[in-house]
Amino acid sequence: MPRDVHRQSPPQETLPIRTPRRTPAAIIRARDIESAIDTERHAMALFDENARLVRANGLYNELLACANSPEMQTADPRERARIFDVRDMDGRRLPATRLPVLRALRGDALVGAVGVDLRVRALDGRELILHVTATALSTRSDRATGCVVVLHDMTEAQRLADVLQEIAGRVATLSQVVAVRNLERDVVFDAIADGVLLYDPSGRLLYVNSATRALLGIHDGGPGEAADRVAKQLDEYAQYDVEAGMPPRDAWPLARVLRGETVAGGDAADAIRRLPDGCEQVLNISAAPMYLEGRLAGAVLILRDVTERRRLEREAAEHAKQVEAIFEAMADGLVYYDAAGRVVRMNTATRRLLGYDALAARDVVVQRPWTEHPALRDTSGEHSSLEEWPLVRVLNGEIISSERAVDVRVWGPEGRLGMLAVSGAPIYDNEGRVILAVVSIRDVTEARRLDDERSQMMNTVSHELKTPLSVVAMAHGLIDKRAILGQPPSSDTIDVLADGIAQMTRLVNDLVDAARAETGQLAVKPVPQDLRLVCRTVVAEQMRAVERVITLREPSQPTLVDADTIRISQVLTNLLSNALKYSPPDRPVSVRLQRKKGVARVEVHDDGPGIPPESKPHLFERFYRVPGMKVLHGLSDGLGLGLYIARTLVELHGGKIDVESEERQGATFWFTLPLLSPSIG
Ligand code: ADP
């Protein structure tokens, strides 16, 4: 099994939690969230990734009566669950894995209707019923760095629902509605916070309780008058049913109930009333017929103010939409798999990374486990065994954190080879079975290429510096020995020392130039000049240095270009020293300067091994060296930076650089610079 496996502990154990590195962005975000929490109109608290309370607002502390309990700050989630005696709606203690904070941190979106209803005891002993929603926070897409928990106090609403149920039961059993004495009726119905309206079989409103009057804002007039006004108002409500448009009259709760139907649950209608202050009030109307000795004797209508509830539902729906938008807009791929390894959902980035188009993705959703994806291989290029696949490991209960993501090779739709880092986490049901695997896929092709390049660079640089360093050390040793004997250093030793230092200087200069080229900081200062002079100087210098014959051919008339003498000399020196370095010492090397179609063209030809065709496209890349290419003259292998720097410099002059080469027939490297007076010659 690979080392980087991180096993998910059994659900009852402490969850593996790590302290995140807080980036400045994360800190700013955390501050934003904290101040948002303080101004929030709901009881709300922020937890860190270890499920510890970071910040709670006043409403939260008030609701749970925990403002003066600093121990809450440090309590772990299990301890908090014990302190608040957290139970489900059936009164059973909630297992740790089902606690909303831990679920949110695992990635469950507990929003809107998916929130959790819980029974909780506040620290002052009040029994509360809470609808809890929770959302994970993440500075990176694949790992929760904390979560926000919102408590909706449903205690009162639940109590009313219980009372209403009881009253509705009583009304149904009343043998004679008309015979209910007013006093008794008022006592019974006025105790209910919901509006209660009683109708006779013809649809005439007989009675409204005080809650109805309060809900409809009717505060004056006797009961009879109030009933008339209520009837009128309710008539007007028909015009406000925004959801369904204006329903036909016979579809109204009262009409339906007088036909003997019961209007309750999902059938109950919402009526929307605009209040004098411009706000909307949403009243939910349910209704039931009342029978007396088998005959319809009237109807009871219940009005409930659901303004707040509908607002929360709308918010939850909007939140769900936002989450959906984030899911789709994420740069990383995110896939949900079912327990059988089939795709349940995948976002756009996944389709792009794995090369599915929207249509094919539908097939994947139902048919093909990811393990069979033909384009995916492990880093060695093999189809790895089923148990080693990240997805299968997650389905087996492992958490593969993003730090320990598994690298997987993928062949993209255009046949390009890429590298994906796959991490993921399982989601459990109540019984502790894995029901879903959430897998995150990050395109790390470029990052891995840079890693490779960096380690290759470190190897090359240290290897290349070693040779001149040991030469310098050796020369220093010799000088030291002679100094003890009172003798001056030999001129040979000084030459060796100077060579070693010059070589190191070249390497360091190349590194500095390459770094500047990479960041666009390599600058040239061109001045008009005759390129023939530059060529002559460089050729003479090189001939002196290596004691080899270099032939130079040049036009008879001046070849004027705008060029930075030092930098263009550097380019030619590099091409020339490569030609000398990679070709046999007994073979000639030639330089040719020509005027051609408005440009000055400098060619450096050698009779060396030439450039293999597969290396040509990479020759001018940073740190590229032709595999197996032997240095036939001189000490140094080189860093593979010379041509990269040469290309940058030539292009900064508005010129071009390239190579023509048949393998084993030598190479001709050339560059061009725009002529200043193209018409001459
Ligand atoms: P280096 O310092 O390694 O020479 P360069 O960028 O100048 O770096 O060259 C890159 C690579 O291109 C060399 O390592 C060598 O493999 C190849 N190369 C350059 N010039 C020649 C040439 N004239 N003949 C054959 N191979 C060459």
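Now for a description of the structure that goes with this document. (Residues numbered from 1 in each chain as written. Predicted model: local features only at pLDDT ≥ 70, side-chain atom pairs only at ≥ 80, totals over all residues. Heavy atoms only, no water.)

Once that is clear, we can look at the overall build of the chain. Along the chain, the regular secondary structure elements total 19 helices and 23 strands. Residue burial in the chain is summarised as follows: out of 681 residues, 43% are buried. (Helix = DSSP H or I, 4+ residues; strand = E, 2+ residues; numbered from the N terminus. Buried < 20%, exposed > 50% of the residue type's maximum accessible area, 1.4 Å probe, protein only.)

The next subject is the pattern of salt bridges. Counted under the stated rule, the structure contains 34 salt bridges. Here Arg204 and Asp200 are joined by a salt bridge, their closest N and O atoms 3.6 Å apart. Given a relative accessible area of 53%, Arg204 falls into the exposed group. Exposure remark for Asp200: the relative accessible area of 14% places this residue in the buried category. (Salt bridge = Lys/Arg side-chain N within 4 Å of Asp/Glu carboxyl O.)

The next thing to look at is the site of the ligand. The immediate surroundings of the ligand are formed by 21 residues, with Asn578, Tyr582, Asp606, Val626 and Leu643 found nearest. One of the side-chain N or O atoms of Tyr582 is found 2.8 Å from an oxygen atom in the ligand. Within the complex, the protein chains bury 97% of what would otherwise be the 530 Å² of accessible surface of the ligand. For the shell around the ligand, the leading source of residues is helix H18 (residues 565-582), giving five residues. Tallied by class, residues from the shell around the ligand come to eleven nonpolar, six polar and four charged. (Near = heavy atom within 4 Å. Polar contact = N/O pair within 3.5 Å; in protein donor to acceptor, adjacent residues only side chain to side chain. Areas by Shrake-Rupley, 256 points an atom, 1.4 Å probe, with all protein chains shown as cover. Nonpolar A, V, L, I, M, F, W, Y, C, P; charged D, E, K, R; others polar.)

With mixed pairing, five strands are arranged side by side in an open sheet as S18-S20-S21-S23-S22. If you trace the sheet from one side to the other, it starts and ends with strand S18 (550-553) and strand S22 (657-661), each paired once. With strand direction ignored, the average angle separating the axes of adjacent strands in the sheet is 20 degrees. Of the strands in this sheet, S18, strand S20 (589-596), strand S21 (599-606) and strand S23 (667-674) touch helix H17 (residues 531-546), which is tilted by about 170 degrees from S18. (Pairing = 2+ DSSP bridges. Axes fitted to C-alpha atoms, helices over the stretch in contact; angles between N-to-C directions. Contact = heavy atoms within 4.5 Å.)

Every α-helix winds through 3.6 residues per turn, so residues three or four apart in the chain are directed the same way. When the terminal C-alpha atoms of H18 are compared, their 26 Å separation across 18 residues agrees well with the 26 Å that a helix rising 1.5 Å per residue should span. Three or more residues of H18 are buried, namely Arg567, Ile568, Ser569, Val571, Leu572, Asn574, Leu575, Leu576, Asn578, Ala579, Leu580 and Lys581. (Expected span 1.5 Å × (residues − 1).)

The first and last C-alpha atoms of helix H11 (residues 307-329) sit 33 Å apart over 23 residues, in line with the 33 Å expected at 1.5 Å per residue. Listed in full, the buried residues belonging to H11 are Arg311, Leu312, Ala316 and Phe327. The secondary structure elements touched by the buried residues of H11 are strand S5 (146-153), strand S11 (333-338) and strand S12 (343-346).

Moving on, we come to unusual backbone geometry. One non-glycine residue, Ala51, adopts positive backbone phi at about 65 degrees. Along the chain, Ala51 turns up in the loop between strand S1 (43-48) and strand S2 (53-56). Residue Ala51 is classed as buried on the basis of its relative accessible area, which comes to 0%. With a phi angle near 55 degrees, Glu547 is a residue other than glycine that sits in the positive phi range. Counting through the fold element by element, Glu547 comes out in the loop between H17 and S18.

Tracing the backbone shows Arg532 in helix H17. Within the local environment of Arg532, its side chain forms a polar contact with the backbone oxygen of Pro555, the two atoms lying 3.3 Å apart. Setting aside residues no more than four positions away along its own chain, Arg532 makes contact with Glu554, Pro555, Ser556, Gln557, Pro558, Thr559 and Leu593.

Next up on the list: the nonpolar core. Judged by nonpolar contacts, the single largest core of 48 residues is most densely connected at Leu531, Phe669 and Phe671. In terms of residues, this core owes the most to one element, H18, which gives seven residues. For Leu531, the residues in contact, after removing those within four places along its chain, are Thr559, Val561, Ile568, Leu593, Ala600, Val602 and Leu673. Formed by 32 residues, the second largest nonpolar core is a distinct cluster that contains Ala51, Tyr60, Cys66 and Leu130. (Core = buried A, V, L, I, M, F, W, Y, C linked by side-chain atoms within 4.5 Å.)

Our next topic: the sheet that holds strand S6 (residues 195-199). Pairing in this open sheet of five strands is antiparallel, and the strands run S7-S6-S10-S9-S8 from one edge to the other. Bordering the open sheet on either side are strand S7 (205-208) and strand S8 (269-274), each of which pairs with just one other strand. Sheet twist, expressed as the average angle between the axes of neighbouring strands with direction ignored, equals 25 degrees. Bridge count for S6 against S7 is three bridges, and the pairing is antiparallel. Paired with Leu198 across the bridge in S7 is Tyr207. Seen against the sheet, H11 touches S8, strand S9 (280-292) and strand S10 (295-305) and runs at an angle of roughly 120 degrees to S9.

Now for the pairing of S23. With respect to burial, S23 is a largely interior element, seven of its eight residues being buried. Pairing between S22 and S23: five bridges, direction antiparallel. The residue bridging Asp658 from the neighbouring strand is Trp670, located in S23. The turn joining S22 and S23, which pair antiparallel and follow one another in sequence, is formed by five residues; a positive phi near 65 degrees is taken by Arg664.

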